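# Residue-level structural notes
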Amino acid sequence: MPATRPSLFLRPRPRQFRVRVFASLSILSVALCGSSISSASDSPSASKGLPLTRFYPFDDIGDVSRGSELLFDSAGRLAVVHDGIYVALNDEDWLQIGIVSADGARVQHVEPDRDGKYYYGARGSWGTLERTLEGQIQTHPLTEKDRPAWTTDCNFNDVLSLPTGICFIGDLGVVVWSKTTGQTRYINVPATVTAFELEDKLYVSSHSQGTVLVDIEHGTFGPADRNIFENFVIDRVAQIDGERTIASTTGRRLLVYNNGKLEDLQTALGEPMPGRATAMQKLPNGEVAIAVTGQGLYIITSDGGLVTALTQPEYRSISSLATNADGVLWACTESGVVKILSGGPITTFGQALGISIGWPQVVSWDDKTIIASNGRVYEPIPRMAGEPAHFRLMPNQPAIGAWGIAVCKEWLLLSNGDGVFATRRGEPFRRIARGADRLAMLGPDTCIAISGREIMALREDGGTWRECAAPIPGIGPAMIVQSSEHAVWIESGVNRAGRIALVDGKLSTRVYDKFSWQPSRWVHLSVVGNLAILNGPESGRMFVDERTGDSIDIPAFASVLAGLPVWAARVHEDQRGRLWVSHAHGVIALTPAAEGYKADTNTYRLITDHRPFIQSAGNGVWVSSGRSLYHIDPSRVNTLSYPRAPRLVSVKDSKTNRELLLSGASEFLLTLPYAQNSLLFRFFAGSYASRTTPNYQVRLNDERWSSLDKSALLRLSDLREGDYRLDARFTDESGPVGDTTTLRFSIQPPWHRTWLARSSYVLLGALAIFALIRLLLYRARVRNAALEKIVENRTEELRVAMARLEQETRASATLAERNRLAGELHDSLEQGFSGLALHLETITAFDDCPPLIRRALTVARNMVTFSRNEVRSAVWDLHSPMLEESDFMGALNRVVAQSLPDPSRVCVCVQGDAHPLGSAAEHHLLRIAQEAVANAVKHARFDRLNVEVVYTEREVTLTIRDDGRGFDAKTVMTNAENGHFGLRSLRGRAARIGAKLTVESSPGSGTCITVRATKTI
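Residues numbered from 1 in each chain as written. Predicted model: local features only at pLDDT ≥ 70, side-chain atom pairs only at ≥ 80, totals over all residues. Heavy atoms only, no water.

## Some words on the environment of Ala497
The condition that has to hold: Where helices and strands are cited, they refer to DSSP runs of H or I of at least four residues and of E of at least two residues respectively, numbered from the N terminus. Partly exposed residues are those whose accessible area sits between 20% and 50% of the maximum for their type, while under 20% is buried and over 50% is exposed, using a 1.4 Å probe and protein chains only. Should any heavy atoms of two residues lie within 4.5 Å, those residues are considered in contact.
Here Ala497 lies in strand β45 (residues 496-503). What makes Ala497 buried here is its relative accessible area of 1%. Distance in space between the C-alpha atoms of Ala497 and Lys514 is 9.8 Å, their sequence separation being 17 residues. When residues no more than four places from it in sequence are discounted, the contact partners of Ala497 are Ile490, Ser492, Arg510, Val511, Tyr512, Val523, Leu525 and Leu534.

## Overview of helix α4 (residues 555-562)
Note the threshold: What the arc measures is the spread of directions leading from the helix axis to the C-beta atoms.
Here α4 has its buried residues at Phe557, Val560 and Leu561. Within α4, the buried residues cover an arc of 95 degrees as seen down the axis, which keeps them to one side. In this fold, the buried residues of α4 make contact with β48 (531-535), β49 (541-545), β51 (570-573), β52 (579-583) and β53 (586-593).

## Notes on the packing of aromatic side chains
Here is the rule we go by: By convention, a stacked pair of Phe, Tyr or Trp rings (six-membered ring in the case of Trp) has centres within 6.5 Å and planes under 30 degrees apart, an edge-to-face pair has planes over 60 apart, and any other such pair is tilted. In our convention, an over-ring charge means Lys NZ or Arg CZ found within 6 Å of a ring centre and within 35 degrees of that ring's normal.
Enumeration according to the criterion identifies 23 aromatic pairs in this entry. Relative to Trp94, the ring of Tyr56 lies with its centre 5.5 Å away and its plane at 80 degrees, an arrangement referred to as edge-to-face. With Tyr56 in strand β1 (residues 50-57) and Trp94 in strand β5 (residues 93-100), the pair connects residues that are 38 residues apart, well separated along the chain. By relative accessible area, which is 6% here, Tyr56 ends up buried. For the pair Tyr119 and Trp177, a centre-to-centre distance of 6.1 Å together with 50 degrees between the ring planes defines the contact as tilted. Of this pair, Tyr119 sits in strand β7 (residues 118-122) while Trp177 is found in strand β12 (residues 173-178), placing the two residues 58 residues apart along the sequence. The class for Tyr119 is buried, based on a relative accessible area of 2%. In this structure Trp177 comes out as buried when scored by relative accessible area, which is 14%. Every member of this aromatic cluster is reached through a ring pair, and the members are Tyr119, Trp126, Phe156, Phe168, Trp177 and Tyr186. The side chain of Arg729 reaches across the aromatic face of Trp705, ending 3.8 Å from its centre. Looking at Arg905, its charged tip hangs above the ring of Phe942, at a distance of 4.6 Å from the centre.

## Digging into the sheet that holds strand β19 (residues 245-249)
Quick reminder of the rule: The rule for pairing is simple: two strands pair if DSSP sees at least two bridges between them. Angles here are taken between N-to-C directions and fall from 0 to 180 degrees, while the axes themselves are lines fitted to C-alpha atoms, restricted in helices to the stretch in contact.
Pairing within the open sheet is antiparallel, and its four strands lie in the order β18-β19-β20-β21. Either end of the sheet is taken by a strand with one partner, and the two such strands are β18 (234-239) and β21 (261-264). Across the sheet, the mean angle separating the axes of adjacent strands is 25 degrees when strand polarity is ignored. Bridge analysis of strand β20 (residues 254-258) against β21 gives four bridges, and the strand direction is antiparallel. Within the sheet, the bridge partner assigned to Asn258 lies in β21 and is Lys261.

## Here we look at unusual backbone geometry
The residue after Glu271, namely Pro272, is reached through a cis peptide bond having omega -5 degrees. Along the chain, Pro272 turns up in the loop between β21 and β22 (277-282). Look at the link from Gln518 to Pro519: it is a cis peptide, with omega at -5 degrees. Turning to its location among the elements, Pro519 is positioned in the loop between β46 (506-512) and β47 (524-528). Positive phi is not limited to glycine here, since Ala712 has a value of about 55 degrees. Its place among the elements puts Ala712 in the loop between β63 (706-707) and β64 (713-716). Taking relative accessible area as the criterion, Ala712 reaches 0% and is therefore assigned buried.

## Some thoughts on empty space enclosed by the protein
Counted only if it meets this: Points on a 1 Å grid, built from protein atoms alone, make a cavity when a 1.4 Å probe fits but cannot get out and make a pocket when they are open with protein on both sides within 12 Å along at least 5 of 7 lines; residues with an atom within 4 Å of a point are the lining residues. Grid points are joined across faces, edges and corners, and a volume is the space filled by probe spheres set on the points. Classification convention: Asp, Glu, Lys, Arg as charged; Ala, Val, Leu, Ile, Met, Phe, Trp, Tyr, Cys, Pro as nonpolar; all other residues, Gly among them, as polar.
In total, this model carries five cavities of 30 Å³ or more according to the counting rule given. Its boundaries defined by the atoms lining it, the largest cavity holds a volume of some 100 Å³. Lining the largest cavity are 14 residues, and of these Lys339, Tyr688, Ser690, Thr692 and Thr693 lie nearest its centre. Of the residues belonging to the lining of the largest cavity, the class tally is five nonpolar, four polar and five charged.

## Overview of the pairing of strand β28 (residues 336-341)
Successive residues of a regular strand alternate their side chains across the two faces of the sheet. Within β28, six of the six residues are buried, which leaves the element mostly enclosed by the surrounding structure. Bridging between β1 and β28 involves six bridges; their strand directions are antiparallel. Looking at β28, one finds that Leu52 is bridged to Leu341. Pairing geometry for strand β27 (residues 328-332) and β28, over five bridges, is antiparallel. Counterpart to Ala331 in the pairing with β28 is Val338.

Quick look at the structure:
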């Protein structure tokens, strides 16, 4: 391409796509070589290979075998039916879908009618099919109880859809069911072959009856028009349009019905055909595919022209054909199911056509396509028009093979380690030079022979070949060579390329091994016009003027390559000016347009080889790699419809495995209960036009895109309630492809999170809050009342405590004063009275004391004793030191012990929990006990004395009980003589503390003195 070429333009993409380059020296070291080719037109048949195919063996499909029927389900997926088995192809996966038969019949044939409803035929049974929630297929028989006996043993192996009904075809006749009335007509035609419709009339073809016309209304049949059908027994029918129908007969004739006439169809298959037609299928483009037993598969036009002939052994026993898309034909063979991509401009060459593929090179020589592959040279074998080319080894080629190949005028040149060989039509090969690895044409008459040792320039003159320049040393291995107008270019390895030029009769070379890119990569070399392109890694590219070998800048062309969705490894320009770009995953084409070039990324996507080599030869473009060779016919229209957007074919509740969506949909709105919040989505490409399974990407509610595996299954588990949007799209190495499928669904909340439940929660919450407030207010009132009671009690306790403290303080002061007075009285009065009493007693004891004086002294002594007792009693009232040293019970025990030295005769006990009584109360109770015990010791003469203190919650009771002689309580309490004033003292003390004193006694019955005092004292 000249450097002054107008600016190239490619419509910009939203982002630039890059593909990592991986190259292997060991792979490219084999002979992948392009060369200059002649412009002679090549015969079309020699350039036509086999359509691309994909084979599925029965072992991979399932429990099906030869004789299976092919059809398409409502989602457009291929299905295989055989003896009650139903298997569907979802992209790469074969899904085993069970058929549940209501009457035990094993389904043999399934066919959709014009409305998309599916019908089946089986032995002795026929009816409709329906998908179940469990994902299976359920039969609904249309058989009647009073049906004819012949239908019970009839094998209904075909179904024909009529405008008003369905015709079930068996080997003993047909059954016609009306969709409008539901009535069934039984037409018994022995040895039935098939039934077909022509001009809204139903015909049945039979071995015994020939072709007969069926009267559906009356359920009878009669002879068909013999001027049309003669004695034909028709076995296969393909209706092309409303006027033309192609039919085959059991006599191997191919007929066409047109304008009321049934005539022989002239085809290249011959008449009669070489075998019986086992299957016939109309194609979407109006052509017809015919499988001929023992021969192969043929695709013909409606006029009989042969389009494609596949006669390889695998196509010679086809039982069923099916198609639902232009350019994609399915065939059931003896060993499996094959997909035939017949609708594109790409065909492939290989072992089936007689070629062993190994880094092939293609040239056009002597109006023939010559292929050098795997070190051998192949030439085509003449074939009939429409049949793929077949090849054979070229005779007399060099024994050790051919590593390089070139065409110079009428000469075919081959090279190997032994030499360079040349031949013309009708001549044997002859050696013309030393050995070489590669050959490349430089101009129309000069061949450059290249090896690692040396480089030679060969030219023919009058039938003689000689070197036209002195040989020069080689510049390294020549892996791939390409020719331009002024030089030959070599791909030589990692970060290495070379240029060979012939100027003024001298060969010269230039090595390119200094590049700006990092890391080092294999250099992919392209020649476009006068421009050489050296492509390294994804970020490295160098443009070189092929005339001078100098590096140049071509911004316009650089922008074209930069705008591609892939990283261009090699670029080839064909004779029509179209650019072919080789990349990491195949080939794309750039067609010249008003604003530069328009990229075609779909038409040639069937080629998936890694950075293939592209060259022009004959009437097309050839694409090759180590193990493949493709031919592209740019003049042929691509009819393949590639997937544009994923198709949803199934939504299942993954918890129960129940189907939620029984028909395919591109968009749907589904509302599901919360119990079905775990879903399994299955997608389908919607087309089988691609050789490989597309890559799926999905996202949920604007999350990040994520990829699915080849099974096209998406599992969403434990979804929360709410609305969801699921987006699905295709992607390839260049990014998103086609359109995005949007699926909307919603998960209802569980009952406890519904709006009604939430409203109930609000109401219940309000009621609970109200009840809580009432409870809190009630508890506050109760608490306040309790607090008020506590305050009142604490106040009363404080008042009592203060009164008690005041009383105790007063008692303490009184006790202190009493102690002082008691001490004073003891030390003064009592001592004085004691001394005086002793003195008086001493005087009265004198013998010489007169009686009168003694009586007077006795009276005085009694008065002193009484006074002393009174003083002593006052002292005891004022001072109780025992209470200062211990508690009440301790002091009581001490008082009793002092009054009664023998402890075995007395018992002191306490009942209840002891609690303080106040100092005054304890003092007087102690004195009462002391006086009572002393009186008992002095007067009672007891054997047993009990002192008991009983504490209760409200009072304290002190009891002194003896079993002595007792006394008359009333008399004693009123007689103060002889010192019996003690009991009155007890009563006085009890009164001082507010206690109740009780004295119980009688002569001979002992005495019981009880003092009962309240707790508050």
